[in-house]
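Read off the chains here:
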Amino acid sequence: QVQLVESGGGLVQAGGSLRLSCAASGRTFSWYTMGWFRQAPGKEREYVTIISRSGTYIDYADSVKGRFTISRDNGKNTVYLQMNSLKPEDTAVYYCAAYQGAATPRQSNEYPYWGQGTQVTVSS
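Residues numbered from 1 in each chain as written. Predicted model: local features only at pLDDT ≥ 70, side-chain atom pairs only at ≥ 80, totals over all residues. Heavy atoms only, no water.

(A) Examining unusual backbone geometry more closely. One non-glycine residue, N77, adopts positive backbone phi at about 55°. Mapped onto the elements, N77 comes out in the loop between β7 (68-73) and β8 (78-83). You can call N77 partly exposed: its relative accessible area is 28%. (Helix = DSSP H or I, 4+ residues; strand = E, 2+ residues; numbered from the N terminus. Buried < 20%, exposed > 50% of the residue type's maximum accessible area, 1.4 Å probe, protein only.)

(B) Layout of the sheet that holds strand β3 (residues 18-25). Read across the sheet, four strands follow the order β1-β3-β8-β7 without closing on themselves; strand pairing throughout is antiparallel. Edge positions in the open sheet fall to β1 (3-7) and β7, since each of these has one partner strand only. Going from strand to strand, the sheet's axes swing by 15° on average, the running direction of each strand aside. In this sheet, β8 lies alongside β3 in antiparallel orientation, the contact comprising six bridges. Paired with C22 across the two strands is V79, which belongs to β8. (Pairing = 2+ DSSP bridges. Axes fitted to C-alpha atoms, helices over the stretch in contact; angles between N-to-C directions.)

(C) Main features of the pattern of salt bridges. For the structure shown, the criterion picks out five salt bridges. Taken together, the salt bridges that share partners define one network made up of R38, E46, R67 and D90. (Salt bridge = Lys/Arg side-chain N within 4 Å of Asp/Glu carboxyl O.)

(D) Just the state of the cysteines, in detail. On inspection of all chains with the given rule, the structure shows one disulfide. Between the sulfur atoms of C22 and its disulfide mate C96 the distance is 2.0 Å. Since a negative S-S torsion denotes a left-handed disulfide, the C22-C96 link at about 55° is right-handed. You can see C22 sitting in strand β3 and its partner C96 sitting in strand β9 (residues 92-100), a full 74 residues away along the chain. Summarising the burial analysis for this pair, C22 and C96 share the class buried. (Disulfide = S-S within 2.5 Å.)

(E) Spotlight on the side chain of R67. Within the fold, R67 resides in the loop between β6 (58-60) and β7. Those residues in contact with R67 that sit more than four places away from it in its chain are Q82, M83, N84, S85, L86, K87 and D90. (Contact = heavy atoms within 4.5 Å.)

(F) Main features of the nonpolar core. Counting 35 residues, the largest nonpolar core has L4, M34, W36, L81, M83 and Y94 as its most contacted members. Counting only elements with at least two residues in this core, the list comes to β3, β4 (32-39), β5 (46-51), β7, β8, β9 and β11 (118-123). When residues in this core are grouped by element, the largest group, five residues, is from β9. Not counting residues within four places of it along the chain, the set of residues in contact with M34 comprises L4, C22, F29, T49, I50, I51, I70, R72, V79, A97 and A98. (Core = buried A, V, L, I, M, F, W, Y, C linked by side-chain atoms within 4.5 Å.)

This is the structure in structure tokens:
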């Protein structure tokens, strides 16, 4: 199985930027479709973005489209989430998740492997 560790969260003012990283270990990283999800207090975990194994397919939730960018470096076993123009409503714990295979699922319950999460707080 694969182990995931997120980093890069923090406190930022509205309009600012953060870059999250998710480092993978344990299995061949390029076997895995990677997703980012987030969960705000009192809310369900929601889909943010996904990137295919080769990086050729990318999708975003409408709420982050045009502001967030996902990328991956299979040589470094890492997936990134560049977040620009942050809004207070982006405040949440952000999780990366891995799915072994070519599919590109958006439902969190389809992902068997998760990181511990990293807190992102956007102040107004």
